[in-house]
Structure formats: C-alpha cells, structure tokens
Protein chains: 2
Amino acid sequence: MNKVWLVNGAAENTVNISDRGLAYGDGLFETIAVRDHSCRFLTAHLQRLTQGCERLGIPVPNRELLTSEVEMLASGVRHGALKIIVTRGSGPRGYRPPSKPETTRIVGVEQTQPHNKDLYRKGIRLRICNQKLGINPTLAGLKTLNRLENVLARAEWDDAETHEGLLSDHAGKLVSGTMSNVFLARNNTLCTPDLSGCGVAGIMRGLIIEHCTEQGIPLDICALSPKDARQADEIFVCNSNIGIWPVAELATERFAIGPVTQQLMAAVCASGVAECAP
Amino acid sequence: MNKVWLVNGAAENTVNISDRGLAYGDGLFETIAVRDHSCRFLTAHLQRLTQGCERLGIPVPNRELLTSEVEMLASGVRHGALKIIVTRGSGPRGYRPPSKPETTRIVGVEQTQPHNKDLYRKGIRLRICNQKLGINPTLAGLKTLNRLENVLARAEWDDAETHEGLLSDHAGKLVSGTMSNVFLARNNTLCTPDLSGCGVAGIMRGLIIEHCTEQGIPLDICALSPKDARQADEIFVCNSNIGIWPVAELATERFAIGPVTQQLMAAVCASGVAECAP
C-alpha cells in the first residue's frame, strides 16, 4: 500500500521546498503504533508533541483537528505506523524564525508487519555504536527533525542479527538506543539514563516509569555508562511501537530475560501492548 | 519574484514527504552568492558539498549536471542567493539509510537586495547567544540540514540593530556566529575557532585562511572563548554571502575597524567580493 498523507488537512504527498522542516529540520515528529484501527498511546504522543512545540516556539496544532485527522487515517489500518510531522512552515531565507509562523501539519500512515515474536521471547542482540550524541539541553528529550546522529549510528551495522545499537553522549554517558530507550536492572533496581542532556524521552519509557511507581519497582534515573550496561543483570530496550524487547546479547555478554523485565513486559502488555505478552 | 526550484532537474517547488531530508535532516545544503548572473566561489561550495556527501555516505551528485543547473538558474539573476540541497532521498521508514539511496538534488535561486553599506563601513553589533552548540565531530564542519541550534540561537533577538550572535559549544568554547564564522585579531595575530567539534567550516573562512598564508598574517586556529572575543583588538564575522563584516560592538565593548580587518577586507574584495571594498 502506498503511504497516505494529509498536509494541513489536504491529501498530498509533497511539501514545499521552502518549508523549514526540510531546510533546517525546524520541526518535530511522532511515530505512533496503529493496532486494530486505533492509535496506541495517542494522548501521550500528542502531549509530547505539544511540549515540543512549546519548547521550540512553534504554534501548537489544534488538538481536535489533529486528532480527527489521525483517527481518520488510523481507521483504515489494522497494523501500522502513523507519523505526525509539525514544522515551523515556510518562511523567508535564513535561520530567523518568522514572527507569525504558519505551521505545516503532516499526518501519514502505512501498514506494517508485526515484529517477529522471537524478539520478545528470546531477546535481541544489541551493539554499542561508535557514533556519539551531542549534548544539547535545549533540544534534549524532544523528537525533533534533527536526527542525523541517529541515522549515522544506524548506518554502522547492516546484519539482520543485530537489532539495535546503544548510543552514548560525548561525555561518555549512556543515553539510549538509536530508536529506543534503554533500561538496566541491577541488584533489583531498575535504572535508565537521565535525558537532560540529549536523547528522546520516549512514550514507552514514560509508561514504564509509571509502572515502576505503581508496582513498587525501585527506579533510578541517573548517569550510566556502556560498561554499566554490560555489567547489568538484565537489559531491555523499549519504544511505543515495539513495547519492550529484552536484550539477550550485548557485545560479548549474554543476558537472561530476568524477573524485572518479565514483570514490566506483563505490565506493558496489560496497558495495551499485546505483542509484549509473556 | 517567486523562487525557482529544480528538483532532480525538473521544475518543481515540492519534495516528497517521505524524503529523508525532511524526516531526519538527512542531507546537506549550500547557499551561494549570485552576483552579475554568476555564482561566487562555486568551486569551493561544490567541493564542500562533495566532502559532506562523502562523510555522510550520500552519493555525490554528478558535478557537471549540478554545475549546469546552477549556472542556468544563476544566469537569470543579477544579485541573489542560490541554494543547493542534497538529501539521501526517500526510503523506507526508520533511521537506517537505504543501501542504494536515490538522492534528491534541489537547486533554487532568489533575488536579494545588497546589504547596507554601513555594515561594512561602520561595522555591526554582535550579541552573545545563550543557545549552545552540541559537540559532534562526525558532523563538525559540515553544512547539514540539522540546524535547529542555529534557528534557536537566531530566535533569541528581534531588534534590527543587532546583526549577528556568537555561539559557544557546551564546553564553553567559542565556535561561530549563527550564520557566519568569526575571527579575532589580538597582538597582530589573527585567531579563529578550531571547528573539529562543531560549527560549519565556511567558504569565506577558508578563503581568509588562504589570504593569511599569502599575505604573511600570523593565524592561530585554536580554542577561544567569548571572553577572548570581548578582549580582542579587532573582531569580524564572515560568510560567502556577506564577505567580511567588521564588528563595532559586542556586549558592552566597542571596537575600531583595525588594520588586520581592513587588510583582509581589501583582499576579499580583490577575490571578487566587491561589497567588501574599503
């Protein structure tokens, strides 16, 4: 199926070349899992998009309008990925943002295949990427259109047996995967990197943090290193599309799918991510 | 005049939404001054574009084809700005680059007004931006489409009396202006920030470095701070569109247009940037 796009409400598959989304990556995006004709965690995605717009000074798209477009596109899809892009729109040449930007609101959906169940049952293989993430608190946490670091990190491997790569920042601190957040369990405490310097604050990461509170799982949001990852009792990565993938291999280390990971997979499954079923 | 664009050789003013230039800023650009129907420093711009493509793993556009498109568009313009964008093209969802990317090659031109001569004669007012640049050696020097930091820096001021802002990296080192490179003269030595961590290696910066060698002006490419800028004998900013703008004011400091700046303005003028005439 060809991807269906709406640009400011009209069926189109192009944007103007002068759009600042293309020129400077001056915008944000969300990728939302569609299951059974409905967007999963839509409220959380729209909330992050709103916060991102506010932090970048981009007018927030009308929530009702955006929701209706999203729901219309999702209604035709059983299993897919829906993307929202919001940019600061077109404007005169130069970095200076227009004083009254007319944003570009893009919504598109495509059908996808479910992930191989073995990734949930047996776990995935992680690598450690050479590419580093630049530290930038102004942009940290946001899913901006400036993603070249992620692209270069993902370009580091080509084998189908490696499913994700871990990224550190330029100070050597562990941040995330290329398309996921990462959690480590050690001594029955769960840890995940603090994202105040860089990285994307994932919707699934937020949900897992909530589950930890509800279920009394001790959680540290703190500074971690790739070495901490190698020495962890359990590791998993997460995003809103996959839910949780346990990590079975990282470099030369092997990991079992331990009790904390299993408990959280069950919780995430109960929250609507059926593919995480234990 | 409406902007004229060529996309892969065809007259169009849009790109596909699935283009990775929009999705991830996965591409590069050049902005080239057009004077008297001709592109200034075209060879240097195409060389930087080529190096950028090679570093990002994007196929280099055919030089003859690109040159012919650029020259065709420039031929219709007396005074303008020509932009080249090269992206990794469209591809399937996800950060992973396609193994055989079909790049998108965009060329556009617009007429511009000459800058006010006072900016060259009396100098400009600089500010120091709060926004910092993330350190990323993989991308340092390149003019990629990931420019949100520059956008946010340029959004910090709105008054027409301030012409440029200075940016530091997260380690506190001076890097550049938002749209220019910066040089300081102190004790008859010219200094400019080392750009191995971040910043764009400007065409005009490169030309000035060459002029220093030819004219025996001592030059240090080194670590500098905003304090060094405030304490300099002379400051100027440069890019290939403006040539050199002497700095008259930075924060509470005032600067004369000193002998090193004047010498280099004359040299840059002689290299074809007539607006830098002393």
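Residues numbered from 1 in each chain as written. Chains lettered and ligands numbered in written order. Predicted model: local features only at pLDDT ≥ 70, side-chain atom pairs only at ≥ 80, totals over all residues. Heavy atoms only, no water.

1. Quick notes on the overall build of chain A
Helix and strand content of chain A: eight helices and 16 strands. Considered along the principal axes of its C-alpha atoms, chain A spans approximately 55 × 40 × 35 Å. For chain A, buried positions account for 58% of its 278 residues. In chain A, 73% of the contacts between residues at least 6 apart in sequence involve partners at least 24 apart. Within the structure as shown, chain A displays about 11200 Å² of accessible surface, and the carbon and sulfur contribution to it stands at 48%. (Helix = DSSP H or I, 4+ residues; strand = E, 2+ residues; numbered from the N terminus. Buried < 20%, exposed > 50% of the residue type's maximum accessible area, 1.4 Å probe, protein only. Contact = heavy atoms within 4.5 Å. Areas by Shrake-Rupley, 256 points an atom, 1.4 Å probe, with all protein chains shown as cover.)

2. Quick word on helix α3 (residues 63–74) of chain A
All names here are of chain A. The end-to-end C-alpha distance of α3, which contains twelve residues, comes to 16 Å, matching closely the 16 Å that a straight helix rising 1.5 Å per residue would cover. Among all positions in α3, only Leu66, Thr67, Glu69, Val70, Leu73 and Ala74 are buried. Down the axis of α3, the smallest arc covering the buried residues is 165°, so these residues share one side. Exposed side chains of α3 directed beyond 90 degrees from the buried face belong to Glu64 and Met72. (Expected span 1.5 Å × (residues − 1). Arc of directions from axis to C-beta.)

3. Topic: the interface of chain B and chain A
On the chain A side, the residues contacting the 57 residues of chain B number 57 residues. Surface buried jointly by chain B and chain A totals about 4600 Å² across both partners, of which 62% is contributed by carbon and sulfur atoms. If you look at where chain B meets chain A, you find four salt bridges. In this structure, Asp158(A) and Arg96(B) form a salt bridge, with 2.7 Å as the shortest nitrogen-oxygen distance. For the pair chain B and chain A, the number of links is 21 residue pairs in polar contact (both at pLDDT 80 or more). When contributions to the side of chain B that touches chain A are tallied by element, the ones reaching two or more residues are β1 (4–7), β3 (14–16), α1 (20–24), β4 (27–35), β6 (79–87), β7 (104–111), β8 (124–133) and α5 (148–154) of chain B. Bridge count for strand β3 (residues 14–16) of chain A against β3(B) is three bridges, and the pairing is antiparallel. Residue pairing in the sheet places Thr14(A) in a bridge with Asn16(B) of β3(B). (Buried area = accessible area lost by both parts, 1.4 Å probe. Salt bridge = Lys/Arg side-chain N within 4 Å of Asp/Glu carboxyl O. Polar contact = N/O pair within 3.5 Å; in protein donor to acceptor, adjacent residues only side chain to side chain. Pairing = 2+ DSSP bridges.)

4. With respect to the pattern of salt bridges
As enumerated under the stated definition, the model contains 28 salt bridges over all chains in all. The partner of Glu110(A) in a salt bridge is Arg93(B), and the shortest N-O contact between them spans 3.7 Å. Of this pair, Glu110(A) sits in strand β7 (residues 104–111) while Arg93(B) sits in the loop between β6 and β7, each in a different chain. What makes Arg93(B) partly exposed here is its relative accessible area of 40%.

5. As for the nonpolar core
Among the nonpolar cores identified, the biggest contains 76 residues, and Leu82(A), Ile84(A), Leu82(B) and Ile84(B) are the most heavily contacted of them. Once residues lying within four places of it in the same chain are set aside, the contact partners of Ile84(B) are Leu28(B), Phe29(B), Glu30(B), Ile32(B), Leu46(B), Leu49(B), Leu66(B), Val70(B) and Ile106(B). Counting 40 residues, the second largest nonpolar core, distinct from the first, contains Ile124(A), Ile217(A), Val247(A) and Leu264(A). (Core = buried A, V, L, I, M, F, W, Y, C linked by side-chain atoms within 4.5 Å.)

6. Comments concerning the packing of aromatic side chains
Taken as a whole and judged by the stated rule, the model has eight aromatic pairs over all chains. Look at Phe29(A) and Tyr24(B): their rings are 6.3 Å apart centre to centre, the planes differ by 70°, and that puts the pair in the edge-to-face class. With Phe29(A) in strand β4 (residues 27–35) and Tyr24(B) in helix α1, this residue pair bridges two chains. For Tyr24(B), a relative accessible area of 6% corresponds to the buried category. Measuring from centroid to centroid gives 4.9 Å for Tyr24(B) and Tyr95(B), while their planes differ by 55°, and the two rings are tilted. Of this pair, Tyr24(B) sits in helix α1 while Tyr95(B) sits in the loop between β6 and β7, placing them 71 residues apart in sequence. Classification of Tyr95(B) as buried rests on a relative accessible area of 8%. Above the ring of Trp157(A), the side-chain terminus of Arg154(A) is found at 4.0 Å from the ring centroid. (Phe/Tyr/Trp six-rings, centres within 6.5 Å; stacked < 30°, edge-to-face > 60°. Lys NZ or Arg CZ within 6 Å of the ring centre and 35° of its normal.)

7. Section: unusual backbone geometry
Its identity as a non-glycine residue notwithstanding, Ala251(A) has a phi of 55°, on the positive side. The phi dihedral of Phe41(B) is positive, around 55°, even though this residue is not glycine. Topologically, Phe41(B) is positioned in the loop between β5 (38–39) and α2 (42–56). Note on Phe41(B): relative accessible area 19%, which makes it buried.

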